[in-house]
Amino acid sequence: MANQDDTFKKVISHAKEYGYVFQSSEIYDGLSAVYDYAQNGAELKKNIRDYWWRAMVQMNENIVGIDAAIFMHPTTWKASGHVDAFNDPLIDNKDSKKRYRADVLIEDYCAKIEAKIEKEVKKAAKRFGDAFNKEEFLSTNGRVLGYQEKIKTILSRMAKSLEQEDLADVKALIEELEIADPLTGSKNWTDVKQFNLMFGTKLGASAESAMDLYLRPETAQGIFVNFLNVQKTSRLKIPFGIAQTGKAFRNEIVARQFIFRMREFEQMEMQFFIKPGTQGEWYEHWKAHRMKWHLSLGMGKENYRFHDHEKLAHYADAAADIEFKFPFGFKELEGIHSRTDFDLSQHEKHSGKKLQYFDPEENKSYVPYVLETSIGLDRMFLAVFSNALQEEALENGTTRTVLKLPSVLAPVKAAILPLVKKDGLPEVARKIVEELKWDFNIIYDEKDAVGRRYRRQDANGTPFCITVDHDTLKDNTVTIRHRDTMKQERVNIDDLRAIIKKEVDVRNWLMKMA
Ligand code: GAP
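Reading guide: rules and limits
- For every chain, the first residue of the written sequence is number 1, and numbering continues from 1 onward in sequence order.
- A pLDDT threshold of at least 70 governs which residues receive local features in this predicted model, and a stricter bar of 80 or more applies before side-chain atom pairs are shown or counted, although totals over entire chains, interfaces and linings include all residues.
- The side-chain numbers reported here are obtained from all heavy atoms of the structure, hydrogens and water having been left aside.
- Helical segments are the DSSP runs of H or I of at least four residues, strand segments are the runs of E of at least two, and each set is numbered from the N terminus.
- Atoms considered for the radius of gyration are the C-alpha atoms alone. The globule rule reads 2.2 Å times the number of residues to the power 0.38.
- A simple rule labels every residue: compare its accessible area, found with a 1.4 Å probe on the protein chains alone, to the largest value its type can have, and call it buried under 20%, exposed over 50%, or partly exposed in between.
- The contact criterion used is simple: two residues touch if any of their non-hydrogen atoms lie within 4.5 Å.
- Throughout, the Shrake-Rupley method with a 1.4 Å probe supplies accessible areas, and for residues the shown protein chains are the sole cover considered.
- As used throughout, the charge tally considers Lys and Arg to be positive and Asp and Glu to be negative, leaving His and the chain termini uncounted.
- By convention, charge coordinates are those of NZ in Lys, CZ in Arg, CG in Asp, or CD in Glu.
- Two distance rules govern patches: like charges are joined within 9 Å, and nonpolar side chains (Val, Leu, Ile, Met, Phe, Trp, Tyr) within 5 Å, applied only to residues with over 30% relative accessible area and no salt bridge.
- Salt bridges are defined by distance alone: a side-chain nitrogen of Lys or Arg within 4 Å of a carboxyl oxygen of Asp or Glu.
- Throughout this description, a polar contact denotes any pair of N or O atoms lying within 3.5 Å of each other; where both atoms belong to protein, one of them has to be capable of donating a hydrogen while the other can accept it, and for residues adjacent in sequence the pair is counted only when both atoms sit in side chains.
- Directions pointing from the helix axis toward each C-beta atom define the arc.
- A pair of strands counts as paired when DSSP detects no fewer than two bridges linking them.
- Angles here are taken between N-to-C directions and fall from 0 to 180 degrees, while the axes themselves are lines fitted to C-alpha atoms, restricted in helices to the stretch in contact.
- One heavy atom within 4 Å of a molecule or strand is enough for the residue carrying it to be called near that molecule or strand.
- Only Asp, Glu, Lys and Arg are considered charged, only Ala, Val, Leu, Ile, Met, Phe, Trp, Tyr, Cys and Pro nonpolar, and every remaining residue, Gly among them, polar.

1. Looking at the overall build of the chain
Alright, step 1. The helix and strand inventory of the chain stands at 18 helices and 23 strands.
Alright, step 2. Since a compact globule built from 514 residues should have a radius of gyration of about 24 Å, the 26 Å found for the chain is in line with a globular shape.
Alright, step 3. Out of the 514 residues belonging to the chain, those deemed buried represent 50%.
Alright, step 4. Excluding contacts between residues fewer than 6 apart, the proportion of contacts in the chain whose partners are at least 24 apart in sequence is 65%.
Alright, step 5. Total accessible area computed for the chain in this model is approximately 25800 Å², and 50% of it derives from carbon and sulfur atoms.
Alright, step 6. In the chain, the 77 positive side-chain charges and the 79 negative ones have mean positions that sit 2 Å from each other.

2. Brief notes about a nonpolar patch on the surface
Alright, step 1. A contiguous nonpolar patch, built from Phe71, Leu203 and Met211 and spanning about 260 Å² of accessible area, is present on the exposed surface.
Alright, step 2. Exposure remark for Leu203: the relative accessible area of 40% places this residue in the partly exposed category.

3. A look at the environment of Arg400
Alright, step 1. Checked against the element boundaries, Arg400 lands in strand S18 (residues 399-403).
Alright, step 2. In this structure Arg400 comes out as buried when scored by relative accessible area, which is 1%.
Alright, step 3. Arg400 sits 380 residues away from Tyr20 along the chain, and the two C-alpha atoms are 19 Å apart.
Alright, step 4. With sequence-adjacent residues up to four places away left out, Arg400 is seen in contact with Gln390, Glu391, Glu392, Leu394, Arg455, Asp458, Arg481, Arg483, Asp484 and Met486.
Alright, step 5. For Arg400, the side chain forms a polar contact with the side chain of Asp458, separated by 2.9 Å.
Alright, step 6. At 3.2 Å, the side chain of Arg400 forms a polar contact with the backbone oxygen of Asp484.

4. Some remarks on helix H17 (residues 496-504)
Alright, step 1. When H17 is considered as a whole, its buried residues turn out to be Leu496, Ile500 and Val504. Projected down its long axis, H17 shows its buried positions confined to an angular sector of 40°, all on one face. Structural note: H17 exposes Ala498 and Lys502 on the side pointing more than 90 degrees away from its buried face.
Alright, step 2. Elements that come into contact with the buried residues of H17 comprise strand S19 (414-418), helix H14 (425-436), strand S21 (464-468), strand S22 (477-482), strand S23 (488-492) and helix H18 (506-510).

5. Focus: the sheet that holds strand S6 (residues 193-196)
Alright, step 1. The 3 strands are arranged S5-S4-S6 in an open sheet whose pairing can be described as antiparallel. Two strands lie at the open edges of the sheet, namely strand S5 (99-101) and S6, each paired on one side alone. Strand-to-strand twist in this sheet, taken as the mean axis angle between neighbours without regard to direction, amounts to 45°.
Alright, step 2. The sheet contact formed by strand S4 (residues 87-92) and S5 spans 3 bridges and is antiparallel. Each residue of the ladder has a partner; that of Ile91, found in S5, is Tyr100.
Alright, step 3. Its contacts with the sheet place helix H5 (residues 102-128) against S4 and S5, and it is angled at close to 70° to S5.

6. Looking at the sheet that holds strand S10 (residues 264-274)
Through backbone hydrogen bonds, the strands of a sheet pair up, either in parallel or in antiparallel fashion.
Alright, step 1. Spatial strand order, S3-S9-S10-S16-S13-S12-S11: 7 strands in an open sheet with mixed pairing. What marks the edges here is a single partner per strand, and that holds for strand S3 (63-65) and strand S11 (304-308). Put simply, the sheet's adjacent strands are angled 25° from each other on average, direction ignored.
Alright, step 2. One ladder, built from 5 bridges, connects S11 with strand S12 (residues 318-326); its direction is antiparallel. Bridge assignment links Asp308 to a residue of S12, and that residue is Ala320.
Alright, step 3. Here helix H10 (residues 227-234) sits on the sheet and contacts S3, strand S9 (240-249) and S10; the angle it forms with S9, its principal contact strand, is near 140°.
Alright, step 4. This element, helix H13 (residues 377-388), spans S10, S12, strand S13 (329-340) and strand S16 (369-376) of the sheet and lies at about 45° to S16.

7. What to know about the site of the ligand
Alright, step 1. The immediate surroundings of the ligand are formed by 21 residues, with Glu218, Arg250, Met262, Glu269 and Glu332 found nearest.
Alright, step 2. In this structure, a nitrogen atom belonging to the ligand sits 2.9 Å away from a side-chain N or O atom of Glu252.
Alright, step 3. Within the contact set of the ligand, a nitrogen atom lies 3.5 Å away from a backbone nitrogen or oxygen of Phe260.
Alright, step 4. When the ligand is considered free in solution it has 550 Å² of accessible area, and contact with the protein chains removes 93% of it.
Alright, step 5. Of all the secondary structure elements, the ones that give two or more residues to the shell around the ligand are S10, S13 and S16.
Alright, step 6. Per-element tally for the shell around the ligand: the top contributor is S13, with 6 residues.
Alright, step 7. Residues that form the shell around the ligand fall into these classes: 6 nonpolar, 5 polar and 10 charged.

Quick look at the structure:
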């Protein structure tokens, strides 16, 4: 555990030191669970958003993108079920006065049992050596099976109680499991209560005429209310999708994991409108397709897994998460939800307007079913950033800190470094910057010895360093150094554009999805 904590602390401090993420309003001691993206963070975030948009919108002729407003008519949230059901079950500790999410306390308890299973696996792997078969061990070892059964029983009881709004049973479960306040060890709990996560605000100048509004807790509803407008103006036929990226707001109670759980965050969502009855096949299609997108970034197949939901949201008939191995363990990164016709039917009911599609093949109108893919941009940022940050032991006995970001996402693609600040080298380096900046985000750096500049760019995640030296003046060549391998080669200045493009071009990365 201490190790995981250390890794996570390094991620947070590296993000600050290298201009990726700052605490919001830091000079006023910050605002809890709200963060600002700095000069490099804004670029990385934009590149992730673009990579998603290219894969979802540009590469699919039956998916279009929109940009709906954050403010929506308040009835939207009544119709969507968020006013009545977008709640977290909260519990207070009477001694410490700290507030927790009851379901998270229970899930954390199960994570501890999960850790025990991992320990058993490690022990057995050591004992059996090469002959060890993890899958067989997990499905036959008595102790492990007992642990698994215990987790299953606890989670399904919790899911059932939450679904039936039986909050007394959620409290009973916490007490039976003897779960204590993680900070103080006290087991003196209040009853469990529901707490709505939407932020309210007001529209209008005078107190009497002001209208109560919510800041949207998901971008999806902006897509649903525009479904027919988009369908009619684009003349798309079912199946088709509408994608959107944008801010969402939730008054999260447990918000302690940096940008993993924020109060203001960004989502990248796509609603895919389909014929009722076909949701099973589309669910499998989008699960597989989204996983391919993740794997195309080369962050390690072993760092992803699917998790099928036991407890379904009020709108879904099937749901799965794509989980990623964050520094604090496997956690939800993206959701794939089969939302049935819940949202469109609800909006029909509350608006009195028909939201139906005329299917020319079937010669009839119906409310389409919806398959949703929903990923948090900030969470994806954290996945990419934490996976990239590495301490590497070098042959000469030193270590280097390197941010091995997928080069397609790196904020700066190349740093141009004159070996010395004289003899005409800065002028040549500046000329290279002027030429390359039309295609790539490039920086110029002449401060410190070149070795230190390399290290600085490694820690910054810059895939290429290009050094201009005295030979450059004679033969128009430079040294290009690759961040991940530290290999250096001598190349002609005229070839730089093509070399960088080959490595960072979105096309070459997205082709890996094929
Ligand atoms: N429209 C469906 C929807 O909003 P969700 O599972 O509540 O579903 C989707 O959220 C994704 O949004 C999550 O998988 C996660 O990546 C991201 N997300 C949700 N709450 C978040 C928060 N408080 N901070 C950062 N990201 C969040």
